[in-house]
Every structure is written in structure tokens, then in C-alpha cells.
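A closer look at the structure
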Amino acid sequence: MPSLPLLLSQAFNGLALGSMLALVSSGLTIILGTLGVLNFAHGALFMLGAYAAYVTLQGSDSFLLALLVGSVFMLLVGVLMERILVRLFYSRPPEDQILVTFGAGIVLVEAVRAIFGGNSQRVPVPSWGEGITQLGFLIYPTYRLELIGIITVTLGVLWVVLYRTSIGLVVRAGIEDAGMVGILGINVRRAFLLVFAIGVVAAGFAGMLYAPIVSVTPDMGGSFLVESFVVIVIGGLGSFPGAVLGGLIAGEIISITSAFDSAYSEVMLYAVMALLLVVRPQGLFGTEGRV
Amino acid sequence: MRRLALLPELALIVALAIMPFVFPYVGGSYDLMERVLDWGLLGLGFDLLFGWTGLLSFGQAAFFGTGGFVAAWLLVNHVIGSVWIALFLGTVAAGLFGLLVGYLAVRRIGIYFAMITLAFGQMAYFLENSPLSAYTGGENGLPGVPVPTIGFGDSAYVIATGLPMYWLLAAFFLAGFIVARRIAHSPFGVVLRAIKENTARAAMIGHAVPQYKLAAFVIAALYAGLAGGLLGVIQSYMPPDAFALDTSAQLVVQTVIGGVGTLIGSTVGAAIWLWLRDNLQMIPQVGALWKLILGVIFVVLVTVLRRGICGEIRYRATRGTRAAAEAAAQADGATRPATELRDVRAMPMPLTAPLIHAAPGLPALRAIDLAKHYGGIRAVDGVSFEVPQNSIHAVIGPNGAGKSTLFKMLLDEVHPTAGEVRLFGQRITGMGATRTAQLGIAKSNQLNQLFMELTVRENLRIAALARRRGSFRVDILRGADSIAEVERQIEAAMTTVELNERAETPVHVLAYGEKRRLEIGIALATGPNVLLLDEPLAGMSPTERISTRALIREIGRSRTLLIVEHDMDAIFDLAERITVLYDGRWLAEGTPEEIQRNQAVQDAYLGGLHEHEPA
């Protein structure tokens, strides 16, 4: 049985990882819920965000600037990807959508590998995140604490946009019935473009934030892609609250399990997903048969 | 069509025999060819799953790795001496794992299926990597897998690396291809195609879709297991990346590039992938770019050339015959002269007799207080009626009266909120459409539900196979057209709905009236005792209406018919009894004469119902 301080620190690690997964998965899930497209390039976009931060930080010391430049870059990538490729696939079967986004992911990963090489790159922890913080019961890296805060705010902003603005209303109406929204004279296509771009920025933003904690490589997105699939299966496909809660659950499962036996941390995540598929296949927040 | 054409098998034998004498001159090695065939073997199973059944799995690495590591572990630890037995056990282990994962995965479709298989693939990867690393060597894999031998003791022939190993792989691949092609062209394979084309209709006809999907999943896992085992044998080493996500992904890419649904396409894709990797890597400038190039090719193929290389070749090769069929369909599809109206009584081949022989006097179908509520909306509210055997019963009512919902409840396509349906006295409510279809009730839909990419004959075969074979059967080694009774049924149904001239025409090029007739033909070809026709005349030309009316009357001689229709002339002409629905409720029932005289019915159709509304 692991000691209490170890469990506590693992619970905190789970919170950090879980909030990260929540952010990545919420991007995935709003694209899926609105456009009906499962974006297999999502992991590659996460990776692209990390590289955007890396490149900006080569010329500047400001992490905030890196976040800003990176976000604009990701927005551009999202818009281009939707306009050039994804748009052609809205009326095609889901298997085709999966294949094309998957292919786009390969192209992104390999393009980055061609430019930056396959070696891992270091992104420094921002100056305002250095050191450790004394929490009383636990000593914890400052940046990870800030990470949790930044992601909470980001998710909050996303929630406000989706649930408290007229754009969000169109988007949520589009989830229910895109055809009907179109008949009402609202430009659904533009809403789709916006949602796709927001989803891409969410993935990229998570990548930027995560870059100082891990080594940045072209393949870093792969495991996040699969984990965020698990998250949205747990939370319910297309559900924003489901992605957030599912992300936290997944993060805690991985971290708490590794306090007992790190060999089983990932395995346990998939085991929980399998169990949930048996007892509640629509996920925590999903409705039966929506996607 | 009686015998399966063996041309592809012969072509493959020739190609496999020539390869080792040609390939080395174009940048290939024995090792490369062996790996291509190994990936190809993996791809055969995957194509049966994706190309035939329409299930896109991103988790085949789980079974590839399982087969490989079970076989390798048994051999390396000297649990088993024979490579052949180890390969067999590895394959079985992969199949069992496939059964477990498939059981969870096949309940979900499309996006869900892809995600779940991907996640289980990753789970297997992590299992191999850490908890089981004592057995699998973790990141190091298992070195020292022995080469197979033929015979025993000192006289045994050792299959050494190089050419002998190539022949071994060629033999396995050939066997795998022959079996896969038999499966693809078996009745079982026909049902898999049906599931891909139109899952809902396949289930409604009486095929147990989840079981077929699971069977296809297990078959794919068995192929993957064997290929995994052979990978270890080829390399004398079982690499851990057999379990990696990249393995599953590479398989998907290879199959799409080579051509989905062509069986051999996956092998062609593997040859391209592996050849490019081996040869481009030698060139300094582009060495690192080979995967980027492949990625771009892949995206372009998915976007504009969905058929892939082999699919495109097949498409172009069959263009002539297809164009002829389309031209013929357009030339005389829409209307035909009234003189062609045949004498239905002189039908050349009768449909096979219904399977159920119920006690005479028992009603064929009874609806008892059927109700369906959607939230507060009462689509159908307490409707009861009885249909005697071999009679024609009609259900009429204004738009939105609940007729289609009622019909869906009659075969349990939609579960009623209250009430029940009895078919020959047996309660069928709650069974689901697949089981009720097996019990002898079929429906032609208001909106066509056809298998659009298949021919008329194949459409009817899917239907005719259902009740003659039962809801699920793994008859993977017989020809799809080898069941004489089914073939007779197809001919009879085709003659009945007058589509003989379109037998080999793909359904999507048929004229609308022809599609309507095929819709009825599919329901008929299942050999139902009770046939429900939901607006059979909708969208037909006046001439077609006359001949379809004659057709319906003819069908009504041997089986029980229920019709929903707006063509009142046809209804009053055909039906023995009529039930009238209004606003989801039973309004009246009687003979056509009684209904015509009924004041409430007249009011309902003219709009002034309120005074006569029954309490």
C-alpha cells in the first residue's frame, strides 16, 4: 500500500494530466458532436502546438507570446484544414472521414519530422512557472499547478463561448440538426469552420502548455490521441461536460494506478473503458445512438 | 456462375512463382518479399472485416502481436518443439482474444468501432510492454525463434532463411488467399456484404447482424494471429512493435492504397509501402521523406481515388459491361408499354411455399391494444385488429395517422409502448425484427431500403438466404449460389416483380419504379408467411400501378398480406377488410363496402371529424 503523501501527489499529478486530457478531448468532442467527424489528426495537432511554442521560444523568451503566436498559428492551421480537406468529407461515410483525418495526421507528423528531425526538443519552463510550491501537505512543481489553473480558465472560456453566446447556440443547434439550422437561414458552414478551428486550437493550446513538461517529438501526439478517444468514450461522444469529467477521471485512473503499480497504469484506463462499454455504452453524458 | 472462377488463384500462383526471380532485380530481397506476404496475410483478414463487412478496425496489431508472441513464447521457452503447432496455438490465441474484443466492439458502429478497436489495441500494447514483460521481453521482444522443419529427427528438412522461407510464406499466403476468397463468395460472405451496404435492412430481413460481425472480427483476428506467428519465424525474432499502434495504422494505409474490398489490394499496398521504405531510405536526400510521401499519396487516394490501386484496375476492367447495363437500364427503365402487362396467373415459377404451416382458423396476425408514444405524442394509441390467414388486409388513414409506426410495430422493428402482436398465436413483441423475420413476417418499406452497390440478383439472394439458412450460420466454404432452393427462390421473386432483365444490373442505376419493385421483391424473397407492404404503389406510374396491383393479388393467394396505401381505388379493389386509423387511433374496420359507407371515415378524410370522434 503506497504512503499517503505519495497518493496525494499522484492525485495531483492525475489532476494535471486529467485537465490536459480534458482540454484535448473537449476539442475532439466538439468537432465530433458538431461536424460528426472524428478527427484522427487531433494528436498530430497537439504535437504541432508544442512545436509552435518551441519555434516561437527560439526567438523570444516570453512564454505568453509563444502561447499567443501558437494559438494564431493553430487557428490558421484549423481553418486551412477545414477549407481544403475536411469540408469535402461532411457527406461521406464516417470511415472515409476517419481515413482522411488519419492521413492528414501522418502528413503533419512527417512534415514536422522532415523539418525538425526526429530528435526530441526541449521547451523551457516559463520564468513565472519555475520552482516548486509548498502546499502545506505537499510540495509540488509550480508550473504544474499553474497548468491546472490555466486549463480551468481555458475550459471555462470554451464553456462560455459554447453555452452563453449566440455563436454557441448555433453550434449546439447544429449538433442537434444541422439541416434545420441551415433552413432557418443561418450559415452552418461558417459555424462548422469555426468549431473545427476552435477544436484545433484547443488541441494545439494543450500541446503548447504541455511542451515544457515533456520532451517534444514528432510522435508525442499518438498516445494523447488514443487517450482522448478513451476520454470521450467514457464521457459520451460529443458531450463537452463529458469530455471534461472523462478527462479528469482518465487522468486520475492513470496516476492513482501508477502509485500502486506503474506497469498497469495505462492498462487500467482501458479496462475501465471496457467495463463502461458493457454497463453504460453511451458514456456518462452521452445519449443513446446520437453519433 | 455455378462454379467459382479460379482465375485469381491461378494468377496468384503464377505471380508467387515468378516473384523470387524478378523482385531481386528491382530492389527487393527475399526478406522484403516475405514481409510483404506476411503483411498481405494480415491484410486478407482485415479486408474481410473492412472491405466486406464495413468495419474499420484500428486494432489489428493486438491480434498480430498476440499470435506472434504466443507462438514465439512457446518456442523460445521450449514448451513446444514444433513450429507448426506453435503457429496453430498462436492463431487460436489471437482468435480467442478477437472474440473477447469483438464482443465489446461490434455492438457499436462507425466512429465508435474505430475508437474502441484502437483503444484495445493500445491496451494490448501496454500489456505486452509492462505487466507481461517477463514473458514477452518487454521492449526487447523475444529473440531466438527457431525455423520450422518438415519431418522428424536427423532426416528433417530445415526451412532455412532465403528462398525456402519465401516458399513457405508463399504457401501460407496462397492458402490464406484461397480461403479468404471462398469466404468472400460464400453465403456467409454475401451476408457480410449486405451488412456493409445496408446494416438495418440486413437485420430486418432476418440475418443476425451482431453475430456475423463478431464472426468476421474473429476471422480477421485469426488471420492476424497466423501472420504474427509467421513474423517471428521469418525474422527469428518477435519484435514488440508488432503490438504498436503504427502496425494497425500501417495495415489500414496499405489496404486503402492497394484497394479496399479486393483482398489482394492489401498485399499490393504492403509491397509499395515496404519497397518505398527499403529503397527510399538509401537515397540521402529523400530518405527521411518516404513516409511523408506515402502520407500525401494516402490523403489524395482517400480524397479523390477511393478505390485504391487494385480497385481502380478492377473498376476500369469492368467499365464496358457496367456501361452497357446502365445504358440498357436508362433506355427502357422509366415506362413500358401497357401491352407488356403479363398474365400473372401464368407465372412460370411459383415462389416456394411458406415455411410455417399454422393451424387453420388461427389468425395469421393479431394486434392487441398496440400503442407507441414518443414523449407526449401518441403516434399510435390502442389499435387492435385481426388478420385471417391468406387474406388481404388494408390499413388506411390520412397522413400522420400512425400507419407506418403501426407497421413497424407489427414486426417489432419498433418496440410498442404498450400492447402486443401475435403471429400465428405466438407473441412476437420484444423479439426484434431479425427474429420476427425468421418467424415469417417481412415488410417492404415506404422508403426503399436496398443494397445499392449490389446487383438485383445479389439483393434478392441476401433476402432468400435469410430464412433458408437461419439467422446465423458460418457456411464459409460453400458457394453463395450453391443452394438450389435459394436460387429457385431468387428466380421466382425476380420473375414475380419482373426484374429478370435487370438481374445483373447494380441497383443504383435502376429506374425508380424498378427500385420500388425490387423493394417488394426483397421482402418476397425471404419467403414470408405474412407480408407487410408499406405504400407499395407510391411513386409508380399508372401502368406500373396496374401490374403491381395484379402482383399483389397474386401474392395474396398463398400468403397473408397487409397493405398501407393511399391509392383508394387499389385498396377497395384488393382488400378483403380495411382498418381505418385516425390520429393514431382505431376509427373503423370493415369490408371495403362498409368502409366506403362509413360516415366517420368520410369525415376523417374530409376533415370534419369532431362530432363523430369515438369516445
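Looking at the overall build of chain A
Each helix and strand counted, chain A has ten helices and two strands in total. When the elements of chain A are put in sequence order from the N terminus, they spell out α-α-α-α-β-β-α-α-α-α-α-α. Taken over the C-alpha trace, chain A has a radius of gyration of 19 Å; the compact-globule value for 291 residues is 19 Å, and the two agree within 12%. With the C-alpha coordinates aligned to their principal axes, the bounding extent of chain A is approximately 60 × 50 × 35 Å. The proportion of buried residues among the 291 residues of chain A is 53%. A sequence separation of at least 24 residues applies to 76% of the contacts in chain A between residues at least 6 apart.

Overview of the overall build of chain B
Helix and strand counts for chain B come out as 24 helices and 14 strands. Relative to all contacts within chain B whose residues are 6 or more apart in sequence, the contacts with residues 24 or more apart total 75%.

With respect to the sheet that holds strand β12 (residues 560–564) of chain B
Residues and elements named next belong to chain B. If you walk across this open sheet you meet the six strands as β10-β11-β12-β7-β13-β14, and the pairing is mixed. The outermost strands of the open sheet, each flanked by one partner alone, are β10 (441–444) and β14 (585–590). The average angle at which neighbouring strand axes cross in this sheet is 20°, direction not considered. Strands in contact with helix α16 (residues 403–410) are β7 (392–396), β10, β11 (530–534), β12 and β13 (577–582); relative to β11, the strand with the most contacts, it is inclined by about 155°. Helix-sheet contacts for helix α21 (residues 542–558) involve β7, β11 and β12, and the interaxial angle to β12 is about 145°.

Some words on the sheet that holds strand β9 (residues 426–427) of chain B
All names here are of chain B. Pairing within the open sheet is antiparallel, and its four strands lie in the order β6-β5-β8-β9. Strand pairing shows two members of the sheet lacking a second neighbour, β6 (377–387) and β9, which therefore form its edges. Where strand β5 (residues 365–374) meets β6, eight bridges bridge the pair, whose relative direction is antiparallel. Across the sheet, residue leucine 370 finds its bridge partner in β6, namely valine 383. Running at roughly 120° to β5, α16 makes contact with β5, β6 and β8 (418–423) of the sheet.

So, the packing of helix α2 (residues 42–59) of chain A against helix α7 (residues 188–210) of chain A
Residue and element names in this part refer to chain A. Packing of α2 against α7 brings their axes to within 7 Å, and their N-to-C directions diverge by 50°. Relative to α7, the element α2 lies oblique. In terms of crossing hand, the pair formed by α2 and α7 is right-handed. Between α2 and α7, the residues in contact are His42, Leu45, Phe46, Met47, Leu48, Gly49, Ala50, Ala52 and Ala53 and Val200, Ala203, Gly204, Phe205, Ala206, Gly207, Met208 and Tyr210, respectively. Of the residues belonging to the contact of α2 with α7, the class tally is 13 nonpolar, four polar and no charged.

Thoughts on helix α12 (residues 265–280) of chain B
Think of an α-helix as turning once every 3.6 residues; residues three or four places apart then point the same way. All names here are of chain B. Between the first and last C-alpha of α12 there are 22 Å, a value that for 16 residues agrees with the 22 Å anticipated at 1.5 Å per step. Gly265, Ser266, Thr267, Val268, Gly269, Ala270, Ala271, Trp273 and Leu274 are the residues of α12 that are buried. Tucked into the core, α12 has its buried residues touching α2 (30–52), α11 (245–258), α13 (290–304) and α14 (308–317).

As for the environment of B:Leu55
Topologically, B:Leu55 is positioned in the loop between α2 and α3 (61–76). Distance in space between the C-alpha atoms of B:Leu55 and B:Lys196 is 7.8 Å, their sequence separation being 141 residues.

Let's talk about unusual backbone geometry
Negative phi is the rule for most residues except glycine; trans is the rule for most peptide bonds. Residue and element names in this part refer to chain B. Phi angles above zero are rare outside glycine, and phenylalanine 424 is one such case at about 50°. With respect to the helices and strands, phenylalanine 424 occurs in the loop between β8 and β9. A count of 21 C-beta atoms within 10 Å places phenylalanine 424 in the buried class.

Brief notes about helix α8 (residues 187–197) of chain B
Residue and element names in this part refer to chain B. For α8, the buried fraction is high: ten of the eleven residues fall into the buried class. Pro187, Phe188, Gly189, Val190, Val191, Leu192, Arg193, Ala194, Ile195 and Lys196 are the residues of α8 that are buried. Turning to α8, the residues buried within the fold contact α2, α7 (163–184), α9 (199–205), α10 (209–235) and α18 (456–469).

Focus on the interface of chain A and chain B
Where interface size is quoted, it is often the accessible area lost as the parts come together. Contact with chain A, which involves 32 residues of that partner, is made by 30 residues of chain B. Ranked by residues supplied to the side of chain A that touches chain B, first place goes to helix α4 (residues 94–116) of chain A with 14 residues. Grouping the amino acids of the side of chain A that touches chain B by side-chain chemistry returns 25 nonpolar, two polar and five charged.

As for the nonpolar core
If you look at the biggest cluster of nonpolar residues, it comprises 294 residues, and the most contacted ones within it are A:Ala50, A:Val230 and B:Ala119. With 18 residues, α10(B) is the largest single contributor of residues to this core. The residues touching A:Ala50, leaving out its near neighbours within four places in the chain, are A:Val123, A:Gly207, A:Met208, A:Tyr210, A:Ala211, A:Val216 and A:Met220.

Observations regarding the packing of helix α8 (residues 221–235) of chain A against helix α9 (residues 240–261) of chain A
Residue and element names in this part refer to chain A. Between α8 and α9, the shortest axis-to-axis distance is 8 Å and the interhelical angle comes to 120°. Classed by the angle they form, the pair α8 and α9 counts as oblique. Relative to α9, α8 is oriented so that their crossing is right-handed. Contact residues: α8 offers Glu227, Val230, Val231, Ile232, Ile234 and Gly235, while α9 offers Gly242, Ala243, Leu245, Gly246, Gly247, Ile249 and Ala250. Here the contact of α8 with α9 is composed, by residue class, of eight nonpolar, four polar and one charged.

Describing the pairing of β14(B)
Residues and elements named next belong to chain B. Bridge count between β13 and β14: five bridges; the pairing is antiparallel. In the sheet register, tyrosine 582 faces β14, and the bridge partner there is arginine 585. Taking the residues that link successive antiparallel strands as the turn, the β13-β14 hairpin has two residues, and the phi of aspartate 583 there is positive, at about 55°.

Here we look at the confidence of the model for chain B
Do not read the predicted coordinates in detail wherever pLDDT is low. All names here are of chain B. Taken residue by residue, chain B gives an average pLDDT of 87. The fraction at 70 or more is 93%. This stretch, residues 333–349, has a pLDDT under 50; its non-local contacts, to residues over four places away or in other chains, come to 21 contacts. Our summary of model confidence lists the complex with pTM equal to 0.89 and ipTM equal to 0.89.

Conventions we followed
- Residues numbered from 1 in each chain as written.
- Chains lettered and ligands numbered in written order.
- Predicted model: local features only at pLDDT ≥ 70, side-chain atom pairs only at ≥ 80, totals over all residues.
- Helix = DSSP H or I, 4+ residues; strand = E, 2+ residues; numbered from the N terminus.
- Rg over C-alpha atoms; globule rule 2.2 N^0.38 Å.
- Buried ≥ 20, exposed ≤ 12 C-beta atoms within 10 Å, placed from the backbone.
- Contact = placed C-beta atoms within 7 Å.
- Pairing = 2+ DSSP bridges.
- Axes fitted to C-alpha atoms, helices over the stretch in contact; angles between N-to-C directions.
- Parallel < 35°, antiparallel > 145°, perpendicular 65-115°, else oblique.
- Left-handed = near helix turned anticlockwise from the far one by under 90°.
- Nonpolar A, V, L, I, M, F, W, Y, C, P; charged D, E, K, R; others polar.
- Expected span 1.5 Å × (residues − 1).
- Core = buried A, V, L, I, M, F, W, Y, C linked by C-beta atoms within 7 Å.
- pLDDT = per-residue confidence, 0-100.

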